[in-house]
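As a plain string of letters, each chain reads:
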Amino acid sequence: MGLRIVIAADPAGVDYKEAVKADLEADPRVEQVIDAGCAPGETPLYPSIAFPAATMIAQGQADRGIFFCGTGMGMAISANKVPGVRASTAHDSFSVERLIMSNDAHVLCLGQRVIGRELARRLASEFLGYTFDPASHSKANIDLIIEHEGRADSRAAH
Ligand SMILES: O=C(CO)[C@H](O)COP(=O)(O)O
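Overview of the structure. Keep in mind that this is a model prediction, so the values were computed, not measured.

### Describing the site of the ligand
- For the ligand, the full set of nearby residues is D10, A12, Y46, C69, G70, T71, M73, G74 and R113.
- G70 places a main-chain nitrogen or oxygen 2.8 Å from an oxygen atom of the ligand.
- Computed on the free molecule, the ligand has an accessible area of 340 Å², of which 57% lies beneath the protein chains in the complex.
- Of the residues in the shell around the ligand, the class split is four nonpolar, three polar and two charged.

Structure, rendered in structure tokens:
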């Protein structure tokens, strides 16, 4: 079964979102592309786009996300506030590889004001090519993050 990818951007990242969206729609590894906005010409604040987009992953409606803003950082910070979602900016091939292989992340965040369009398109494609190995030594790190989130949730509930 193919990947379900949610894409999202604020106004500073929308041009790259549109370019990557076209790539994903032509990618045989991708089963579904979900565009969580914004549309060109809209002017939302980035958290208002990132929260619902990341929630789609937390709720199992999407497998991974590729989010865009000026630097990639605001979208990453916002996405990480959604429990269960791991997101980071990564602007080179090695970091994108480790984002999956070390961090089992769900969301790659890219900065339209930081890297060129062709590099963004390439990194988005590379991001889909990796699958986390649950037998790797990195699993213990991920488990500790998940355990911490569980504790944080139970504290919030009391
Ligand atoms: O890059 C951004 C957030 O990390 C966003 O696209 C622009 O944010 P701003 O500098 O607060 O306008």
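Once you've had a look at it, read on.
### Brief notes about helix α4 (residues 93-101)
- Buried residues of α4: V96, L99 and I100, and no others. Angular distribution of buried residues about the axis of α4 spans 85°; they occupy a single face of the element.
- At the N-terminal end of α4, a side-chain oxygen is found 3.1 Å from the backbone nitrogen of F94, two or three residues along, and the residue is D92.

### Quick notes on the side chain of R86
- Along the chain, R86 falls in the loop between α3 (73-79) and β4 (87-89).
- A polar contact is formed between the side chain of R86 and the backbone oxygen of D104, at a distance of 2.9 Å.
- Residues within four places of R86 in sequence aside, it is in contact with N80, N103, D104, A105, H106, V107, I142, I145 and I146.

### Focus: the sheet that holds strand β5 (residues 107-111)
- Spatial strand order, β2-β1-β3-β5-β4: five strands in an open sheet with parallel pairing. Of all the strands in the sheet, the pair left with one neighbour each is β2 (30-35) and β4. Here the average twist between neighbouring strands, direction ignored, is 20°.
- By the bridge criterion, five bridges tie strand β1 (residues 3-9) to β2 in an arrangement that is parallel. Note that in β2 the partner of R4 across the bridge is Q32.
- Together, β1, β2, β3 (64-69) and β5 form the strand contacts of helix α5 (residues 117-128), whose direction differs from that of β5 by roughly 175°.

### Looking at the pairing of β5
- Buried residues dominate β5, accounting for five of its five residues.
- Of the two faces of β5, the one lined by V107, C109 and G111 and the one lined by L108 and L110 are each fully buried.
- Across five bridges, the pairing between β3 and β5 is parallel. Counterpart to G65 in the pairing with β5 is V107.
- Pairing of β4 with β5 involves three bridges; the strand directions are parallel. When the bridges of β5 are listed, S88 appears paired with L108.
- Following the chain from β4 across α4 to the adjacent parallel β5, one finds a crossover that is right-handed.

### Notes on the environment of A9
- For A9, the position within the fold is in strand β1.
- For A9, a relative accessible area of 0% corresponds to the buried category.
- Along the primary structure A9 and H91 are separated by 82 residues, whereas in three dimensions their C-alpha atoms are 16 Å apart.
- Ignoring any residue separated from it by four or fewer positions in sequence, one finds A9 in contact with V14, K17, G37, C38, I49, F68 and M75.

Scoring rules and cut-offs
- Residues numbered from 1 in each chain as written.
- Predicted model: local features only at pLDDT ≥ 70, side-chain atom pairs only at ≥ 80, totals over all residues.
- Heavy atoms only, no water.
- Near = heavy atom within 4 Å.
- Polar contact = N/O pair within 3.5 Å; in protein donor to acceptor, adjacent residues only side chain to side chain.
- Areas by Shrake-Rupley, 256 points an atom, 1.4 Å probe, with all protein chains shown as cover.
- Nonpolar A, V, L, I, M, F, W, Y, C, P; charged D, E, K, R; others polar.
- Buried < 20%, exposed > 50% of the residue type's maximum accessible area, 1.4 Å probe, protein only.
- Helix = DSSP H or I, 4+ residues; strand = E, 2+ residues; numbered from the N terminus.
- Arc of directions from axis to C-beta.
- Contact = heavy atoms within 4.5 Å.
- Pairing = 2+ DSSP bridges.
- Axes fitted to C-alpha atoms, helices over the stretch in contact; angles between N-to-C directions.
- Right-handed = clockwise from strand over helix to strand, strands pointing away.

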